[in-house]
Amino acid sequence: MQLFTVIFLSFVAASVLVRLWLSQRQVNHIRAHYAQVPAAFADKITLEDHHRAADYSCANLRQGRITLAWETLWLLLWTIGGGINLIDQWWSGLEYGVLVTGIAVIFSLLLISSILDLPFSLYHTFVIEERFGFNQTTWKTWLLDLVKLALLVIALGTPLLAVILWLMDQAGANWWLYAWLVWMSFSLIMIWAYPAFIAPLFNKFSPLQDATLRTRIENLLRRCDFQSQGVFVVDGSRRSSHGNAYFTGFGRNKRIVFFDTLLESLSEDEVEAILAHELGHFKRNHIKKSLLLSGVISLAGFALLAWLMSSPWFYSSLGVATPSIHGALLLFMMVMPVFTYFVSPLFSALSRKHEFEADEFAHSNSNYKALISALVSLYRDNASTLTPDPIHSMFYDSHPPATIRIDHLETIAAGGSSG
Ligand SMILES: [Zn+2]
């Protein structure tokens, strides 16, 4: 067995073990706190809601473990099992040239993988979400979404892939620098185009109607000196009763989007506080920082890919007999997540730091008590657990656990440290 095969298999084994260990810790922690609502929430969350959140979390964790086993099996079959090699040999035999062969191999694999993942997505939507009363999707909407997504991936992915493969093949030793520029431009265009052109393919966005709420929101936006296309309401309730609010686009194309489900369950004070939190992300430059970080990481990624592409061991140790540009790209995309999994806690920590900063901004610019009650409603309505395992949370959570987040808000309100 080659050295890199051993390294790859060791990382696969280690990441599977860590994932299962974290999942089991989370289940144990939730079960251990099943009997009682945490003291801080005793008067806000009923025991029934608490149990529902625990059961929902455990159902998702269980599906997560089954999905992990399935995905790991396929990762091994595609690579050292010779799956990529088989598809590659078949398309290469047809002699369509570098670009067409590359695009055909990558899309074939994408298609098969998507079909293999479908049962899990179906089970999640129509069994788990259904059982806990979240699912609002009909079969028709679900199928239509799938078709639209597939067409979108083909329409946007084909030209992008063609340009990148062409640069890998033709642009010489510095191809990775040009490919990175193409990738970054593509990402920026997507962020700009998403709210105006892509999201409306799936949902209906309408300007916020409620006049008093709109006036309050416009005042807040003016107070925070925020230029945008305004506040929109999205018909999220067509698919799910999970609620959310987010901020999208950049430049003048910025929008604030509220799920209709969220507006139904929150008071005006709460909506304003949530909006202030979202504005905090913008005002503290979180969007720019994340973009810069992903730019640096993708540059390193392309440089690494350039080196791996010219290393024969990279192909042979992962089950691919003939080196090719599309083979390198495909293996890179499949194998990298096994290694990057171990640095993912750093990104979760950064995200949680940003959440604290956005909460601090919301505290200075709106009513923090309304933010706390909005958060409690969100936790309750989304059946998020209030008692996560600390290590599981440290690894995965993009948002701080409820108790810590609310404590933080109370501490800054009391004039304590704002760290
Ligand atoms: Zn946030």
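Before going into details, it helps to say that this report is about the structure given with it. The structure presented is a predicted model; accordingly, all values stated were derived computationally and were not measured.

A look at the environment of Q229
Along the chain, Q229 turns up in the loop between α7 (211-223) and β2 (231-234). Overall, the presence of 14 C-beta atoms within 10 Å leaves Q229 in the partly exposed class. In sequence terms Q229 and P207 are 22 residues apart; their C-alpha atoms lie 9.5 Å from each other. Apart from the residues lying within four places of it in its own chain, the contact partners of Q229 are R252, N253, K254 and R255.

Digging into the nonpolar core
Within the largest apolar cluster, 38 residues are counted, with the highest numbers of intra-cluster contacts made by A273, I274, L275, A362, L371, A374 and L375. Secondary-structure elements contributing two or more residues to this core are α2 (47-78), β2, β3 (245-248), β4 (255-259), α9 (268-283), α13 (344-365), α14 (368-381) and α16 (402-413). Take this core: its biggest share by element is eight residues, from α14. The contacts of L375, once residues within four sequence positions are left out, are A402, R405 and I406. Grouped together as the second largest cluster of nonpolar side chains are 29 residues, I80, L165, A179 and V335 included.

Observations concerning the sheet that holds β3
Overall, mixed pairing links the four strands, which are arranged β1-β2-β4-β3 in an open sheet. Of all strands in the sheet, those with a lone pairing partner are β1 (205-207) and β3, marking the two edges. For this sheet, the mean inter-axis angle between neighbouring strands, taken without regard to orientation, is 30°. Inspection of the sheet shows β1 paired to β2 by three bridges, in the antiparallel sense. Note on β2: the bridge partner recorded for F205 is V234. Set on the sheet, α9 makes contact with β3 and β4; between it and β3 the angle comes to about 30°.

The rules we used
- Residues numbered from 1 in each chain as written.
- Predicted model: local features only at pLDDT ≥ 70, side-chain atom pairs only at ≥ 80, totals over all residues.
- Helix = DSSP H or I, 4+ residues; strand = E, 2+ residues; numbered from the N terminus.
- Buried ≥ 20, exposed ≤ 12 C-beta atoms within 10 Å, placed from the backbone.
- Contact = placed C-beta atoms within 7 Å.
- Core = buried A, V, L, I, M, F, W, Y, C linked by C-beta atoms within 7 Å.
- Pairing = 2+ DSSP bridges.
- Axes fitted to C-alpha atoms, helices over the stretch in contact; angles between N-to-C directions.

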